Amino acid sequence: MTEQIDPEQGATDPATAPVEPEVARRRLTRHLVDITPLKASPAFARLWIGGAVSGIGAFMTQVAVGLQIHEITGSTFMVGLVGGISLLPMIVAGLWGGMIADVFDRRKVLIASSLVSWASTLSLVALAFWDVHLQGGGSHAPVWPFYLVTTVNAVATTVGSAARGSVVGRILPEHLISRATALNGISFGAMVTVGPALAGVLAAGVGLPWTFVVDAVLFSAGFLGIWMLPPLPRLGEKVDAGWHVVKEGLTFLRHAPNIRMSFIVDVIAMTFGRPYVLFPALGATVVGGESLTVGALTAAGAIGTLLTSLFSGRISHVHRHGIAISRAIQVFGAFALMFGVVTLFAVRGDHAAGPGWSGTDLSMLALMALAMAGMGASDEVSAIFRQTMIITAAPDQMRGRLQGVFMVVVTGGPRIGDMYAGILATAVALWFPPLLGGIVIIALIAILTRAQRAWREYDAQSPTP
């Protein structure tokens, strides 16, 4: 016999029933980033906080250097050369620095590389004040010292980052690695959001020299986090540093198709999908706003990164990392294409670019910022799974060298991308590099994913390199 329901009493439909506040809170919590790694490891917490603070200063300097060189030369191509000149030294530093991190105490490697970075930042302070002094006489400082100092900084940063990435697997258990990587996305998002925006405000307000000074001050927080790490000597038998150790790492990578593929797809994305070198010219001649526009666009990408990491609570439920990375990079390419299309309309518009917000085409800036936010969000999804794959699928004795190669990719790739964008922007138009690059990214990732079966079938529950 079927129970009859009194229509006067009504019935509760689970799909439309009101959600209790506690249930809603729990649902939201499941989607928010998991901060367990910060609680589980005080060493990781100090390293994470210090890295975020000092990273804000580092990204301030990255933007400020571009503004400084554009101010001296007026050339987007010369801004792009910042990355091109440092590319080969960074490749060497990544390979050699990763080897050093696998041979020596990783804490000591981090301390030494950080001191070199600090010295190079102080050199930028001196160069910027020198340029201000020369401007009083109607001239500028030569640009080559800026290239030299930024190259030294890039080399030191590459070595330090290789060591830093290999440390995480030693101070956290394996099941927390993906969550720690997501937390790193939050710190990176904060760096790229606050750093460039602050650089734009400081450059417009107090000048470029004092922007570099702030970076030098913030650096101390990151150094403190490194100094307080426990000793991290090599595990297993001791080996002598040398080319044979580098070669061993490259041999391992040659037989690690999944890790190798993670590097390849990232190089494609960073080479063809980086419009950052175009920002000074867009701010000066197209959209307006000058340094304010540069800071806003750079920060927009970081906001996308930050939001993705903030709502990364479900990442531990994703196991098909290869597929997830490929799809994320194709979305990245779509947003790069969008940025190119918006830039095309902006270039063909009739807006008269001027300084400050009053001289800015806010509608075009908003659309460009939306595209940058989408690129930052999709890139962070890819980064979380790529970094997790590298740490969990490789033995600890090999992580430094793989992180060295990873740093060559994540820092060298963008520099190739800066040169690609600078050359095509000079030869064709500002809108051409991101528009073409977005199409290339989508097509190449589709081809490679279809061709690599092991990549498509990669399962994080049984990670294989």
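Our structure is the block above this text.
What counts, and where the lines are drawn
Per chain, residues are indexed from 1 in the order of the written sequence. Under the rules for a predicted model, residues below a pLDDT of 70 receive no local features and side-chain atom pairs below 80 are neither given nor counted, while totals for whole chains, interfaces and linings still include all residues. The side-chain figures draw on all heavy atoms in the structure; neither hydrogens nor water molecules are used. Whenever Lys or Arg places a side-chain nitrogen within 4 Å of a carboxyl oxygen from Asp or Glu, that contact is recorded as a salt bridge. Relative accessibility decides the category of a residue: with a 1.4 Å probe and only protein chains considered, values under 20% of the type maximum give buried, values over 50% give exposed, and everything between is partly exposed. Numbering goes from the N terminus for both helices and strands, where a helix is a DSSP run of H or I of at least four residues and a strand is a run of E of at least two. Identification of polar contacts relies on pairs of N or O atoms within 3.5 Å, with a donor-acceptor requirement for protein atoms, meaning one able to donate a hydrogen and the other able to accept it, and with residues adjacent in sequence counted only if both atoms are side-chain atoms. It only takes one pair of heavy atoms within 4.5 Å for two residues to be counted as in contact. Side-chain rings of Phe, Tyr and Trp (the six-membered ring for Trp) are treated as a pair once their centres are within 6.5 Å; stacked means planes under 30 degrees apart, edge-to-face means over 60, and tilted covers the remaining angles. Whether a charge sits over a ring depends on NZ of Lys or CZ of Arg being within 6 Å of the ring centre and within 35 degrees of the ring normal. Residues enter a nonpolar core if they are buried and are Ala, Val, Leu, Ile, Met, Phe, Trp, Tyr or Cys, with the set joined through side-chain atoms within 4.5 Å. Grid points spaced at 1 Å over the protein atoms alone were grouped into cavities, where a 1.4 Å probe fits but cannot get out, and pockets, open sets with protein on both sides within 12 Å along at least five of seven lines, with lining residues defined by an atom within 4 Å of a point. Grid points are joined across faces, edges and corners, and a volume is the space filled by probe spheres set on the points. Amino acid classes used here: Ala, Val, Leu, Ile, Met, Phe, Trp, Tyr, Cys and Pro are nonpolar; Asp, Glu, Lys and Arg are charged; the rest, including Gly, are polar. Here, axes are lines fitted to C-alpha atoms. For helices the fit covers the stretch in contact, and angles between N-to-C directions go from 0 to 180 degrees. Any angle that falls under 35 degrees is termed roughly parallel, while one over 145 is termed roughly antiparallel, one within 65 to 115 roughly perpendicular, and all others oblique. Take the far helix as the reference: if the near one is turned anticlockwise from it by less than a right angle, the crossing is left-handed, and if turned clockwise, right-handed. What goes into a patch is any residue over 30% in relative accessible area without a salt bridge, connected to like charges within 9 Å or, for nonpolar side chains (Val, Leu, Ile, Met, Phe, Trp, Tyr), within 5 Å. Calculation of accessible area relied on Shrake-Rupley with a 1.4 Å probe; when residues are assessed, cover is drawn exclusively from the protein chains displayed.

## Looking at the pattern of salt bridges
Point 1. Summed over all chains, the structure comprises nine salt bridges.
Point 2. Among the ionic pairs, arginine 106 bridges to aspartate 102, the shortest N-O distance being 2.8 Å. Neither arginine 106 nor aspartate 102 differs from the other in exposure class; each is buried.
Point 3. In this structure, aspartate 396 engages arginine 399 in a salt bridge whose closest nitrogen and oxygen atoms are separated by 3.5 Å. Of the two residues, aspartate 396 and arginine 399 are both situated in helix H15 (residues 396-427); the distance of three residues between them amounts to about one turn of the helix. Each member of the pair, aspartate 396 as well as arginine 399, carries the same accessibility label: buried.

## Brief notes about the side chain of threonine 308
Point 1. Take threonine 308: it is sitting in helix H12 (residues 291-310).
Point 2. Side-chain polar atoms of threonine 308 contact the backbone oxygen of glycine 304, separated by 3.0 Å.
Point 3. A polar contact is formed between the side chain of threonine 308 and the backbone oxygen of alanine 377, at a distance of 3.3 Å.
Point 4. With sequence-adjacent residues up to four places away left out, threonine 308 is seen in contact with Ala377, Glu380 and Val381.

## A word on the packing of aromatic side chains
Point 1. For the structure on display, the rule yields nine aromatic pairs.
Point 2. Each ring, one from tryptophan 431 and one from phenylalanine 432, has its centre 5.7 Å from the other, and the planes form 85 degrees; the classification is edge-to-face.
Point 3. Grouped by ring-pair contacts, the aromatic residues Trp118, Phe219, Phe223 and Trp227 constitute a single cluster.
Point 4. Taking the ring centre of tryptophan 227 as reference, the NZ or CZ of arginine 107 above it sits at 5.1 Å.

## Some points on the nonpolar core
Point 1. Ile69, Phe212, Ile259, Phe263, Leu282 and Met368 are the most contacted members of the largest nonpolar core, which has 110 residues in total.
Point 2. The greatest single-element share of this core, amounting to 13 residues, is contributed by helix H14 (residues 362-393).

## A look at empty space enclosed by the protein
Point 1. Tallying each qualifying case throughout the model produces three cavities of 30 Å³ or more.
Point 2. What the second largest cavity holds in volume is close to 50 Å³.
Point 3. What lines the second largest cavity is Leu95, Val246, Gly249, Leu250, Arg401, Leu402 and Val405.
Point 4. Those elements that place two or more of their residues in the lining of the second largest cavity are helix H9 (243-254) and H15.
Point 5. Here the residues of the lining of the second largest cavity sort into five nonpolar, one polar and one charged.

## Details of the environment of leucine 424
Point 1. Along the chain, leucine 424 turns up in helix H15.
Point 2. Separated by 173 residues in sequence, leucine 424 and threonine 251 place their C-alpha atoms 36 Å apart.
Point 3. With residues up to four places along the chain from it excluded, the contact list for leucine 424 reads Ala429, Phe432, Pro433 and Leu436.

## Let's talk about the packing of helix H11 (residues 279-286) against helix H13 (residues 321-347)
Point 1. Interaxial distance between H11 and H13 falls to 11 Å at its minimum, and their mutual angle equals 25 degrees. Between H11 and H13, the crossing angle belongs to the class labelled roughly parallel. As H11 runs across H13, the sense of the crossing is left-handed. Each of Phe279, Leu282 and Val286 in H11 lies in contact with H13, whose residues at this interface are Phe339, Thr343, Ala346 and Val347.
Point 2. Classifying every residue of the contact of H11 with H13 gives six nonpolar, one polar and no charged.

## Brief notes about a nonpolar patch on the surface
Point 1. A contiguous nonpolar patch, built from Leu88, Ile91, Val92, Trp96, Trp243 and Leu250 and spanning about 590 Å² of accessible area, is present on the exposed surface.
Point 2. Secondary-structure elements contributing two or more residues to the nonpolar patch are helix H4 (76-103) and H9.
Point 3. Per element, the largest residue contribution to the nonpolar patch is four residues, and it comes from H4.
Point 4. Position of isoleucine 91 among the secondary structure elements: in helix H4.
Point 5. Isoleucine 91 sits in the partly exposed class, given a relative accessible area of 30%.

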